[in-house]
Amino acid sequence: MEIINELLRGIPIPKMVKVRQKFHAPEIENVEEAVREAIAEAKVMARIKPGDLVAIAVGSRGVADLPILVRETANAVKKAGGNPFIVPAMGSHGGATAEGQKDVLEQLGVTEGTTGAPVKSSMEVVEIGRLENGLPIYIDKHAYEADKVIVINRIKPHTAFRGPVESGLMKMITIGLGKQKGAEAAHAYSFKYMAEHVVKMAEIAIARVPIIFGLGTLENAYDRPAKIVAIPSEEIFTKEPSLLLEAKSLMPRIMFDPIDVLVVNEIGKDISGDGMDPNITGRYATPYASGGPKVTRIAVLGLTKKTHGNANGIGMADMSTKKVLDETALEKGYANALTSTVIDVVKLPMILENEELAVKAAIKTCNAFDLSKARVVRIKNTLDIHEIWISESLLEEAKQNEFIEILSEPIEMNFSSKTAEQVY
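For clarity, every value in this text was computed on a predicted model and none was experimentally measured. (Residues numbered from 1 in each chain as written. Predicted model: local features only at pLDDT ≥ 70, side-chain atom pairs only at ≥ 80, totals over all residues. Heavy atoms only, no water.)

J.: Explain helix 7 (residues 169–176) to me, and be specific about the residues and the numbers.
T.: Most of helix 7 sits out of view: 8 of its 8 residues are buried. Considered for burial, the residues of helix 7 that qualify are Leu 169, Met 170, Lys 171, Met 172, Ile 173, Thr 174, Ile 175 and Gly 176. (Buried < 20%, exposed > 50% of the residue type's maximum accessible area, 1.4 Å probe, protein only. Helix = DSSP H or I, 4+ residues; strand = E, 2+ residues; numbered from the N terminus.)

Here it is, written out as structure tokens:
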């Protein structure tokens, strides 16, 4: 590696300044009360008869206050005379095994102890119909056999396609509840047709499965609940599109564009299905989605602990480190890629010996006219962009933005893992 060290020896790493980005962020103060009010307002609990077995579909995403959402929904079911239970609705996540999906829920704080409802996890599905093009539609067997079904999910932009409906209640119904086979079927024709297929599959599922309502949440720029709504199943098709637009208006963003080098401390499935959210980085794995800043080079320095070696999304980076490579469990990312049919996310970037070399390589290849003035931004992860670090070259621009607060003097970029956790 001596030749690499020599090639990168003179590459300047800019001093960095810590700044705080300020976003418009409405927030629900009492989530428990908001869930109860939303369910009451929707007038859906009368659809539950005494003794009904009610499946509550819960996904694998880090939805804010998810245990509270599930607990209050289960409590409402009990008050209506029903017997609630939880069904993992996460496609192929959790290693596509029943125990793995139950473990994912446990990591998210969703257990019988925290919600008052038992978890029934299985990868068995029932085929409930087919689209005109032959694509099968599957539903979790436990949910299919229940008397009633409720789905809970955050409504937000997807990372790989655009449409009137993206990530939300319909996607939970078609892909989440479809388990591995359902996810595989929905992705078979690529994300090009996903927006169309999700709606058509949801129409058939709602017609043939006793889904009574969906509990949808919108989150603000700081990943806190901004809105909670309960939508009767027959109204999901008309109400979810406007909620998606509202969710997009609440999304955080990096307030610098373009960016020569974006340094991301960590990626992981607990951060985004894509490891790092393309809506934040501007780097997408498919041609069917767009948005975010123009970024020339991305350097990824680590994996989160909770991702357990799943480096899905590393393929969107240009540079990374030997440490990241050593921690990567290739088969976990490959399982996601084979199911989604999107393989760029698991390709390997340029691997450098350490963090400093990875950042230097990104700067050297960013094609800025003056590398000493490269526009560099460093973030912890794509979920946490409230406080970020910017290079000195961006300081004047930051001072002109009323939504940015300068928090520090310029300091040397530090690559010590201990200091990185404390400072970056």
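More follows now that the structure is in view.
J.: Describe the packing of helix 7 against helix 10 (residues 236–250), with residues and values.
T.: Remark: helix 7 packs on helix 10, axes separated minimally by 9 Å, with the N-to-C direction vectors making an angle of 115°. Here helix 7 contributes Leu 169, Met 170 and Ile 173 to the contact with helix 10, which in turn contributes Ile 236, Phe 237 and Glu 240. In terms of residue class, the contact of helix 7 with helix 10 is built from 5 nonpolar, no polar and 1 charged. (Axes fitted to C-alpha atoms, helices over the stretch in contact; angles between N-to-C directions. Contact = heavy atoms within 4.5 Å. Nonpolar A, V, L, I, M, F, W, Y, C, P; charged D, E, K, R; others polar.)

J.: Please set out unusual backbone geometry residue by residue, giving values where relevant.
T.: Pro 258 follows Asp 257 through a cis peptide bond whose omega is 5°. Summarising the element assignment, Pro 258 is placed in the loop between helix 10 and strand 9 (259–264). For Ser 190, which is not a glycine, the phi torsion comes out positive at approximately 80°. By the secondary structure assignment, Ser 190 is in the loop between helix 8 (179–187) and helix 9 (194–208).

J.: Give a detailed account of the pattern of salt bridges, specifying residues and quantitative values.
T.: A full pass over the atoms with the stated rule returns 29 salt bridges. Between Glu 32 and Arg 71 there is a salt bridge, with the nearest N and O atoms lying 2.4 Å from each other. Within this pair, whereas Glu 32 is found in helix 2 (residues 31–42), its partner Arg 71 is found in helix 3 (residues 66–79), the two being separated by 39 residues in sequence. With a relative accessible area of 30%, Glu 32 lands in the partly exposed category. According to the relative accessible area criterion, Arg 71 is partly exposed, its value standing at 23%. Among the charged side chains, a network of salt bridges with common partners joins Lys 18, Arg 20, Lys 22, Glu 387 and Glu 405. (Salt bridge = Lys/Arg side-chain N within 4 Å of Asp/Glu carboxyl O.)

J.: Tell me about the side chain of Thr 174, and name the residues and values.
T.: Summarising the element assignment, Thr 174 is placed in helix 7. Other than its neighbours up to four places away in sequence, Thr 174 contacts Tyr 138, Gly 182, Val 198, Met 201 and Ala 202.

J.: I'd like a rundown of helix 14 (residues 355–364), residues and numbers included.
T.: The element helix 14 is extensively covered by neighbouring structure, given that 8 of its 10 residues are classed as buried. Listed in full, the buried residues belonging to helix 14 are Glu 355, Leu 357, Ala 358, Val 359, Lys 360, Ala 361, Ala 362 and Ile 363. Its buried side turned inward, helix 14 meets helix 1 (2–8), strand 9, strand 10 (295–300), strand 11 (319–321), strand 12 (350–352) and strand 13 (376–379). Where helix 14 begins, the side chain of Asn 354 points an oxygen toward the backbone nitrogen of Glu 356, at a separation of 3.2 Å. (Polar contact = N/O pair within 3.5 Å; in protein donor to acceptor, adjacent residues only side chain to side chain.)

J.: Account for the sheet that holds strand 2 (residues 53–58), with residues named and values stated.
T.: The 5 strands lie next to each other as 3-2-6-7-8, forming an open sheet whose pairing is mixed. The open sheet is flanked by strand 3 (83–88) and strand 8 (225–232), the only strands paired with a single partner. Each adjacent strand pair in this sheet contributes to an overall mean axis angle of 20°, direction not counted. Bridging between strand 6 (residues 148–154) and strand 7 (residues 211–219) involves 6 bridges; their strand directions are parallel. Across the sheet, the residue bridging to Arg 154 is Thr 217, located in strand 7. Where helix 7 meets the sheet, it contacts strand 2, strand 6, strand 7 and strand 8, and its direction lies at approximately 120° from that of strand 6. (Pairing = 2+ DSSP bridges.)

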